[in-house]
Amino acid sequence: MGGRVRPGNYPLSPRSAILKNEGGTFTDITAAVCPDCMALGMVTTAIWTDFDKDGLIDLLVVGEWMPITFLKHTKSPLGESVFENVTTSYGFENSQGWWNSILPTSGPKGNPTYLLGNFGKNIRWKASEQSPVIMVAKDFDGNQSIDPVMFQYLGDGMYPVAGRDALVGQVPSWKNRFLKYAEFAQIKKEAFFTKSDLENSIELKVHNFSSSLLFKTENGFELKELPNETQISPVFGMAVSQGLRSQQMLTVGNFYGNETITGRYDTGKGEVLSLNHNDLSIGTIHNSGFNVDGEGRALASLTMGDGSQVYIVSQHQGAVKVFKEQLSKEEVELLVLEKDEFKVEYYQEGNLIRVEEFPYGQGYLSQSSRKIPISKRIEKVVISDFAGNKRTVLFERK
Ligand SMILES: [Ca+2]
Ligand SMILES: [Ca+2]
């Protein structure tokens, strides 16, 4: 369970938890199994996935002001499961974004590959490895409400994002600290707070606003920006088009909840992306008929009896939209995953051609069908469950 935000106390987050289900009774085992899960941040999505391909199921977590967080499953000498935070050793300690969602897909040699939804590059702030956007937060005036103050790089240093009037409206005692607008305009982050202000304050960062592809390499993981069409608005819901066209992925987004001065992020229309599993090149498919121009949130795919896909999209303060994929001429067979099964390896002419994971709760707060259309070209699939048990299904081919 991922903690998101303490109501009325943005950007403070409640703790996250791992619960053990023993015959319907849940026990909190977080402190023993994953001490770092006690304070992960503002979690938006977490999936169980074997990101290092060692057969043990790991946790991949993203969130707002959070790095892409890798929690690797290891076994203690007594055989007990422990999740170790390897984000820094993977080189992702500066990958903080306003991440919304994770969608697993397949890369070269079946390597783990994920689509990550972020707030996009068409927003008011710019962030990079060297120049993060920073938020310092604390109840500075002691009135029982948290006062977040955002800073961004402008030329020679970090300056507050909000104007003087907005800030002294939040913390009236700062009126005397920033008497003149001309002086306020020159104040950098280092001079903004007093020493006592910073005691027990929290500081959060964003280095990366780009919706991205996360993929495994020989030495670890790398990030690659998704095409510009997906950067023009925040990306929330994501789904894979299964089976025959499994190289296609759908995204939806937009966000209207900003302050008036920032305006709505409303340029997104919903996108269909194509991914080449071998070289990880990504294209955009136009005129697909998929169109979600409101605040797209959840996106789930349902597999119909004939193998075709239906996509269901929720929109914040808008209608639910439903899209039906036109059926390809190729015949399919349907594979239904059992309760704890999550990984499928596809074989064609004796070769492993693709590996896909189907964890629960992928994308953004969404659950797609666990019924997979299998192309007639596939002769065998090997399915793994979360505990590592495997079963093989052979398909008769002419
Ligand atoms: Ca693993
Ligand atoms: Ca306050």
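Note that this is a predicted model, so its numbers are computed, not measured. (Residues numbered from 1 in each chain as written. Chains lettered and ligands numbered in written order. Predicted model: local features only at pLDDT ≥ 70, side-chain atom pairs only at ≥ 80, totals over all residues.)

(A) Structural context of the overall build of the protein. Broken down by element type, the protein carries five helices and 28 strands. Relative to its length of 398 residues, the protein is compact, with a C-alpha radius of gyration of 23 Å against a globular reference of 21 Å. Projected onto its principal axes, the C-alpha positions of the protein cover 80 × 55 × 40 Å. A buried classification covers 36% of the 398 residues belonging to the protein. Considering only residue pairs separated by 6 or more positions, the protein has 56% of its internal contacts joining residues 24 or more positions apart. (Helix = DSSP H or I, 4+ residues; strand = E, 2+ residues; numbered from the N terminus. Rg over C-alpha atoms; globule rule 2.2 N^0.38 Å. Buried ≥ 20, exposed ≤ 12 C-beta atoms within 10 Å, placed from the backbone. Contact = placed C-beta atoms within 7 Å.)

(B) Region of the structure containing the pairing of strand β27 (residues 380–385). In terms of strand pairing, strand β24 (residues 341–348) meets β27 through six bridges, oriented antiparallel. Directly across from Lys343, in β27, lies its bridge partner Ser384. Here five bridges tie β27 to strand β28 (residues 390–394), and the two strands are oriented antiparallel to one another. In the sheet register, Ser384 faces β28, and the bridge partner there is Lys390. Here β27 folds back onto β28, and the loop between the two strands holds four residues, one of which, Gly388, carries a positive phi near 100 degrees. (Pairing = 2+ DSSP bridges.)

(C) View of unusual backbone geometry. Residue Tyr10 is joined to Pro11 through a cis peptide bond whose omega torsion reads 5 degrees. Position of Pro11 among the secondary structure elements: in the segment before β1 (19–22). Unusually for a residue other than glycine, Gln144 sits at a positive phi of about 70 degrees. Inspection of the secondary structure assignment puts Gln144 in the loop between β10 (133–138) and β11 (147–154).

(D) How the structure looks around the sheet that holds strand β14 (residues 212–216). Reading across the sheet, the four strands line up as β8-β9-β14-β15 and stay open at both edges, with antiparallel pairing between neighbours. Two strands lie at the open edges of the sheet, namely β8 (101–106) and β15 (221–225), each paired on one side alone. The mean angle between the axes of side-by-side strands here comes to 25 degrees, regardless of whether they run parallel or antiparallel. Sheet topology note: the β8/strand β9 (residues 112–117) ladder contains six bridges and is antiparallel. Looking at β9, one finds that Ile102 is bridged to Leu116. (Axes fitted to C-alpha atoms, helices over the stretch in contact; angles between N-to-C directions.)

(E) View of the environment of Val332. By the secondary structure assignment, Val332 is in strand β23 (residues 332–336). Spatially, the C-alpha atom of Val332 lies 43 Å from that of Glu93, the residues being 239 residues apart in sequence.

(F) Broad picture of the sheet that holds β24. Across the sheet, four strands lie side by side as β25-β24-β27-β28; this open sheet has antiparallel pairing. Two strands close off the open sheet at either side, each with one partner strand: β25 (351–357) and β28. Strand-to-strand twist of the sheet, defined as the mean angle between neighbouring strand axes without regard to direction, takes the value 20 degrees.

(G) Spatial organisation of the domain arrangement of the protein. Each assigned domain of the protein is listed with its residue range as follows: domain 1 (100–124 + 207–394) and domain 2 (133–206). Relative placement of domain 1 and domain 2: their C-alpha centres are 40 Å apart. (Domains from an automatic or database assignment.)

(H) Highlighting the environment of Met150. Mapped onto the elements of the fold, Met150 is located in strand β11. Separated by 17 residues in the primary sequence, Met150 and Val133 have C-alpha atoms spaced 7.2 Å apart. In this view, Met150 contacts Val133, Met135, Val161 and Ala162; residues no more than four positions away in its chain are not counted.

(I) Spatial organisation of the nonpolar core. If you look at the biggest cluster of nonpolar residues, it comprises 61 residues, and the most contacted ones within it are Leu60, Val61, Leu116, Met238, Met249 and Leu299. Per element, the largest residue contribution to this core is six residues, and it comes from strand β4 (residues 58–66). Built from parts of two domains, this core gets at least three residues from each of domain 1 (100–124 + 207–394) and domain 2 (133–206). If sequence neighbours within four positions are ignored, Met249 has contacts with Leu103, Thr105, Leu115, Met238, Ala239, Val240, Ser241, Leu273 and Leu275. Of all hydrophobic cores here, the second largest spans seven residues; its members include Val332, Tyr346, Ile372 and Ile374. (Core = buried A, V, L, I, M, F, W, Y, C linked by C-beta atoms within 7 Å.)

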